[in-house]
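Structure at a glance
Residues per chain are reported as follows:
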Amino acid sequence: PLRRHSKSIKTKSKNNPIMFQSNELKVGFLALLAFLILYFGFNFLKGNDVFSTSNIYYVTYDNVDGLTSSNQVLLNGTEVGKVKKVELLPENGNKIKVTLRINKDLIIPDKTVVVLSDGALLGGKIMRLELIGKGSLPTGSVILGTTEKGLSALLKERALPVLSNADSLLVSFRKISTKFESTGIYLNDLIK
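Residues numbered from 1 in each chain as written. Predicted model: local features only at pLDDT ≥ 70, side-chain atom pairs only at ≥ 80, totals over all residues. Heavy atoms only, no water.

Time to look at the pairing of strand β3 (residues 78-89). Taken together, the four bridges between strand β2 (residues 72-75) and β3 define a ladder with antiparallel strand orientation. Bridged to Q72 within β3 is K82. Counted along the chain from β2 to the antiparallel partner β3, the turn is two residues long, and its residue N76 has a positive phi close to 55°. Strand direction decides the pairing type here: β3 and strand β4 (residues 95-103), joined by eight bridges, are antiparallel. (Pairing = 2+ DSSP bridges. Helix = DSSP H or I, 4+ residues; strand = E, 2+ residues; numbered from the N terminus.)

Time to look at the sheet that holds strand β6 (residues 125-130). Strand order in the open sheet formed by seven strands is β1-β4-β3-β2-β6-β5-β7, with mixed pairing between adjacent strands. Of all strands in the sheet, those bounded by a partner on one side alone are β1 (54-61) and β7 (144-147). Averaged over all neighbouring strand pairs, the angle between strand axes comes to 30°, with direction disregarded. Sheet analysis places β1 next to β4, joined by eight bridges and oriented antiparallel. For V59, the partnering residue across the bridge sits in β4 and is V98. (Axes fitted to C-alpha atoms, helices over the stretch in contact; angles between N-to-C directions.)

So, about the packing of aromatic side chains. Using the criterion set out here, one finds one aromatic pair in the structure. For the pair Y39 and F40, a centre-to-centre distance of 5.3 Å together with 70° between the ring planes defines the contact as edge-to-face. Since its relative accessible area comes to 30%, F40 is described here as partly exposed. Note that K97 overlies the ring of Y58, its terminal NZ or CZ placed 4.7 Å from the centroid. (Phe/Tyr/Trp six-rings, centres within 6.5 Å; stacked < 30°, edge-to-face > 60°. Buried < 20%, exposed > 50% of the residue type's maximum accessible area, 1.4 Å probe, protein only. Lys NZ or Arg CZ within 6 Å of the ring centre and 35° of its normal.)

Let us now look at the nonpolar core. Y61, V98, L100, I108, V114, M127 and L129 are the most contacted members of the largest nonpolar core, which has 21 residues in total. With four residues, β4 is the single largest residue contributor to this core. In contact with M127, other than residues within four places in its own chain, are Y61, L67, Q72, V73, L74, V83, V98, L100, V114, V115 and L116. (Core = buried A, V, L, I, M, F, W, Y, C linked by side-chain atoms within 4.5 Å. Contact = heavy atoms within 4.5 Å.)

Before going further, it helps to examine unusual backbone geometry. Positive phi, close to 50°, is recorded for D65, a residue that is not glycine. Mapped onto the elements of the fold, D65 is located in the loop between β1 and β2. For D65, a relative accessible area of 46% gives the class partly exposed. For S70, which is not glycine, the phi torsion reads 75° and is therefore positive. Along the chain, the position of S70 falls in the loop between β1 and β2. Given the relative accessible area of 29%, S70 is considered partly exposed.

Quick look at the pattern of salt bridges now. It is possible for side chains of opposite charge to pair when their charged atoms get near one another. Scanning all chains against the criterion turns up five salt bridges. Two residues, E79 and K82, come together in a salt bridge whose shortest N-O distance is 3.4 Å. The exposure class of E79 is partly exposed, given its relative accessible area of 34%. Judged by its relative accessible area of 21%, K82 falls in the partly exposed class. Among the salt bridges present, the one from K125 reaches D118, with a minimum N-O distance of 2.6 Å. Residue classification places D118 among the partly exposed residues on the basis of a relative accessible area of 23%. (Salt bridge = Lys/Arg side-chain N within 4 Å of Asp/Glu carboxyl O.)

To continue, consider the environment of G124. You can see G124 is positioned in the loop between β5 (113-118) and β6. For the pair G124 and L67, spaced 57 residues apart in sequence, the C-alpha separation works out to 7.5 Å.

This prediction gives the protein chain a mean pLDDT of 79; 79% of its residues lie at or above 70. The low-confidence segment residues 6-13 (pLDDT under 50) makes zero contacts with residues lying over four places distant or belonging to another chain. (pLDDT = per-residue confidence, 0-100.)

Here's what the structure looks like:
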């Protein structure tokens with residue numbers, strides 16, 4: 001009876017290496033699956049659509065005022081792409097190169113303009129496409145870029161004259177109040 005028992009242990013130990021290898025394969029497969037989910041999830045959260053087909057275009061600006069990657073590219077109020085990358089070009093006078101990812105279905109004419117504008121009151125930026133011209137630009141082309149005065153810039157322009165007038169009004173008020181100081185002393189003497 002003792003030998004039979006030891007035989008059964010030996011047969012089980014022969015099967016263990018195969019089972020151990022299959023567990024290693026399972027763990028490796030799960031690790032690979034977790035890595036892929038992490039990679040695609042991270043790119044999704046960054047705003048990169050991994051499975052979509054899109055064309056790449058470039059725009060250069062002197063100042064982008066807080067534009068970041070994954071900001072929207074709009075055409076007539078509809079999102080047609082995203083900002084893929086914003087990078088500084090020190091060799092080109094510190095200009096800023098913006099890489100746009102635009103839907104492949106959209107035909108970009110040859111004189112198209114990309115307008116950088118405010119997207120919201122909180123200071124978000126968007127890129128608006130103004131399709132002008134004929135034909136179509138090949139992918140990888142540089143598109144002309146312009147900037148639009150945002151709400152904050154317009155408020156600053158309107159506020160500067162008001163602030164200068166308020167400053168001169170304050171100076172006039174101080175001059176008048178110094179003249180009334182002596183009047184207050186005379187009134188106090190009269191009342192007593």
